[in-house]
2 protein chains.
Amino acid sequence: MSDAALDFYFDFASTYSYPAAMRIGALAQAAGVTVRWRPFLLGPVFKAQGWDTSPFNIYPAKGRYMWRDLDRICARLELPFCRPDPFPQPSMLAARVAHAGLDDGWGEAFCRAAFAAEFGQGRQIADEAVLADLLQGLGVAPEPTLARARSEQNKARLRAATAAAERAGVFGAPSFVARGGELFWGHDRLADALAWAVRSRPR
Amino acid sequence: MSDAALDFYFDFASTYSYPAAMRIGALAQAAGVTVRWRPFLLGPVFKAQGWDTSPFNIYPAKGRYMWRDLDRICARLELPFCRPDPFPQPSMLAARVAHAGLDDGWGEAFCRAAFAAEFGQGRQIADEAVLADLLQGLGVAPEPTLARARSEQNKARLRAATAAAERAGVFGAPSFVARGGELFWGHDRLADALAWAVRSRPR
């Protein structure tokens, strides 16, 4: 194994995870980095910091800035952007579906589709019908997939990803973890994280 | 007036303000942007968010990450870096001296000297003797300057800068405000802020 590798921790509710998820595939491929997509839940991480919702809701000045900043970022990247309502969207079901798909080869495409639906079109990703529609668009049978997403085994995987994020020191999303536990936080650290993964590749 | 202009809000205690302050002069000059240096106090801004110290102390995972991130940033920029102890350093006196100097033409050089002493050498910027030493290094007489820094008029200026930061929506440092109130937060937005200032220049 001489792969440059990076763990990509994200939550479907997380605003800055949207541009990161839309871009990481192509950027990692160009850099020769293998990315492990790790959807997790920010909720327990925030709860450990004493927050019962997004800090962007708790701290209004920070929230106002984030929406404006994301407007600018998406405009520059030519990504459509609309503000999810409600924010944050409940992301557990989407995360469970993603974990099911990451085994089957359609997980990354599903993640991009879910982010695009939520932040590009303002669709409700907690709505099972929306997720079924996205799955159908990927040629994946919705009903058995949603059932599998809700299996105990699959729920345990999402819990494991969240626990792994916490062990890695993750406190927000998106976060990127390179070999040796090197942590990068935020969409604006994506290029740095990829460069670090390349430099720390075993020779 | 057809100047591209940017307000640069920073606190001497703020970690990410260090690389921003060391770099903004040269970068702004190269971009043709006039920077107004606005030292302010994060304390009242944090207090309004319910925090009685730096969020990097309140949220340990965030704090650990910040120190590592700043290590990496300073290494890349070839800036010496050591962790101030205690952190955050009380920054009020340094900010008052800076306001006195910004009128007299030595303010920006003092700001760089204070940041370099604090984050490059681990010196105590709340110590009047340290500030006197920095002033002497700039050829500025310490005693009358420190007296002027403590004048009511000068204290009022620091309060005014802090109030202006809050009105501009500043919630952390460094922050940059371009024409029309466009706000950018963080050392990692410095290049974006300068580019925005250039694009939004009156023609």
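Residues numbered from 1 in each chain as written. Chains lettered and ligands numbered in written order. Predicted model: local features only at pLDDT ≥ 70, side-chain atom pairs only at ≥ 80, totals over all residues. Heavy atoms only, no water.

Q: Can you help me understand the sheet that holds strand 1 (residues 4-10) of chain B in this one?
A: Across a sheet, paired strands are connected by hydrogen bonds in the backbone, their directions being either parallel or antiparallel. Residue and element names in this part refer to chain B. Taken in spatial order, the 4 strands make up an open sheet running 2-1-3-4, and their pairing is mixed. Unpaired on one side and paired on the other, strand 2 (33-39) and strand 4 (182-185) mark the two borders of the sheet. Averaged over neighbouring strand pairs, the angle between their axes works out to 20° when direction is ignored. One ladder, built from 7 bridges, connects strand 1 with strand 2; its direction is parallel. By the bridge assignment, Leu6 is partnered in strand 2 with Val35. Where helix 9 (residues 152-167) meets the sheet, its contacts fall on strand 1 and strand 2, and the angle it forms with strand 2 comes to roughly 110°. (Pairing = 2+ DSSP bridges. Helix = DSSP H or I, 4+ residues; strand = E, 2+ residues; numbered from the N terminus. Axes fitted to C-alpha atoms, helices over the stretch in contact; angles between N-to-C directions. Contact = heavy atoms within 4.5 Å.)

Q: How do you make sense of the interface of chain A and chain B when you look at a structure like this?
A: Often the size quoted for an interface is simply the accessible area lost on bringing the parts together. With 22 residues of chain A in contact, the opposing surface of chain B contributes 22 residues. Interface area, chain A with chain B, both sides summed: about 2100 Å², of which 50% is carbon and sulfur. Applying the counting rule to chain A against chain B returns 10 salt bridges. Salt-bridge contacts for Arg189 of chain B lead to Asp188 of chain A; the nearest nitrogen and oxygen are separated by 2.6 Å. The interface formed by chain A and chain B contains 17 residue pairs in polar contact (both at pLDDT 80 or more). For the side of chain A that touches chain B, the elements supplying multiple residues, two or more each, are helix 4 (60-77), strand 4 (182-185) and helix 10 (190-199) of chain A. (Buried area = accessible area lost by both parts, 1.4 Å probe. Salt bridge = Lys/Arg side-chain N within 4 Å of Asp/Glu carboxyl O. Polar contact = N/O pair within 3.5 Å; in protein donor to acceptor, adjacent residues only side chain to side chain.)

Q: Looking at this structure, how should I read the relation of the copies chain A and chain B?
A: The pair of chain copies shares a relation made of a rotation about an axis and a shift along it. Its rotation angle being 180°, the transformation that places chain A on chain B also includes 0.0 Å of axial translation and leaves an RMSD of 0.0 Å. Here the symmetry operator amounts to a two-fold rotation axis. Scanning chain A for the C-alpha nearest the rotation axis identifies Asp188 of chain A, at a separation of 3.8 Å. Here 100% of the contact residues of chain A are again contact residues in chain B; the copies associate through an equivalent surface. (Least-squares fit on C-alpha atoms with pLDDT ≥ 70 in both.)

Q: How should I be thinking about unusual backbone geometry in this particular structure?
A: As a rule of thumb, non-glycine residues mostly have phi less than zero, and peptide bonds are mostly trans rather than cis. Residues and elements named next belong to chain A. Omega for the bond connecting Ala173 with Pro174 falls within 30 degrees of zero, at 0°, which places this linkage in the cis form. Residue Glu78 is not a glycine yet carries a positive backbone phi of 55°. Locating Glu78 in the fold gives a position in the loop between helix 4 and helix 5 (92-104). Since its relative accessible area comes to 73%, Glu78 is described here as exposed. (Buried < 20%, exposed > 50% of the residue type's maximum accessible area, 1.4 Å probe, protein only.)

Q: It is not clear to me how the side chain of Glu182 of chain A should be interpreted in this structure. Could you clarify?
A: By secondary structure assignment, the location of Glu182 of chain A is in strand 4. Look at Glu182 of chain A and you get buried, because its relative accessible area is 11%. Polar contacts involving the side chain of Glu182 of chain A include one to the side chain of Arg68 of chain B, which spans 2.7 Å. When sequence neighbours within four positions are dropped, the list of residues in contact with Glu182 of chain A reads Phe176, Val177 and Trp196 of chain A together with Arg68 and Arg72 of chain B.

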